[in-house]
Amino acid sequence: MKVEEFPIKGLYAFTPKQFGDGRGFFSETFNARAFEEVVPGITFVQDNHSLSRDPGVIRGLHFQNPPHAQGKLVRVTRGRVLDVAVDLRKGSPTYGSHVAVELSAENWKQFWVPAGFAHGFCTLEPDTEFLYKVTDYYAPDCDSGIAFDDPDLGIDWPFDRASATLSGKDAVLQPFREFDSPFTYDDKA
């Protein structure tokens, strides 16, 4: 498995190997021992799967507040997305900064987004299937988010608000400057 690090501490991309022949391919998409070597102490409790019919669907920027904060290991099995993680950890040298990664069925990358980050993605192709493992169960009372197009974040989305497809919830998420983060940075983690 290939592992890629990013300038924001805690974010990683994993690219599992594919073994192909005339029938297709085989890939071990997750191995707890290999993941533990890079990101220790993580247990996944749930797998989620979404389908977005059209390009320009934006989901996010989402996170769950403590005590049910979630880490996510995300990937695409059909189509392509621009996937974004925003650092929400108070005291982090990269607070408010983001990393954007293209995930696709073709590049087979997976993106690790730990608790303390807002996460979102934009579909770039029709019928995109997005799968992710999470470290805590969905807790509606802890569910929150930041506006995907907040100018303070400076994310270069391929679609603007007028041409994007958003849920009603995502269309009214709070601006970053009004957000009081419950997450703190641990430089030893």
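Residues numbered from 1 in each chain as written. Predicted model: local features only at pLDDT ≥ 70, side-chain atom pairs only at ≥ 80, totals over all residues. Heavy atoms only, no water.

Within an unreviewed UniProt entry, the label attached to the chain reads dTDP-4-dehydrorhamnose 3,5-epimerase, and the organism entered is Kordiimonas lipolytica. Comment text from UniProt for the chain, heading Catalytic activity (unreviewed entry), reads "dTDP-4-dehydro-6-deoxy-alpha-D-glucose = dTDP-4-dehydro-beta-L-rhamnose". Recorded in UniProt for the chain, the comment headed Subunit (unreviewed entry) runs: "Homodimer." (UniProt positions renumbered as here; feature names shortened; annotations may be inferred.)

### A few points about unusual backbone geometry
For the bond from Gly-60 to Leu-61, the omega torsion is 10°, close enough to zero to count as cis. Position of Leu-61 relative to the elements: it lies in strand S6 (residues 58–64). The omega torsion across Pro-66 and Pro-67 is 10°, close enough to zero to call that bond cis. Within the secondary structure, Pro-67 sits in the loop between S6 and strand S7 (72–78). Here the phi dihedral of Trp-108 falls at roughly 65°; this positive angle occurs in a residue that is not glycine. Structurally, the position occupied by Trp-108 is in the loop between strand S9 (98–104) and strand S10 (110–113). On the accessibility criterion, Trp-108 (11% relative accessible area) is buried. Positive phi, normally seen in glycine, also occurs at Asp-127, with a value near 50°. (Helix = DSSP H or I, 4+ residues; strand = E, 2+ residues; numbered from the N terminus. Buried < 20%, exposed > 50% of the residue type's maximum accessible area, 1.4 Å probe, protein only.)

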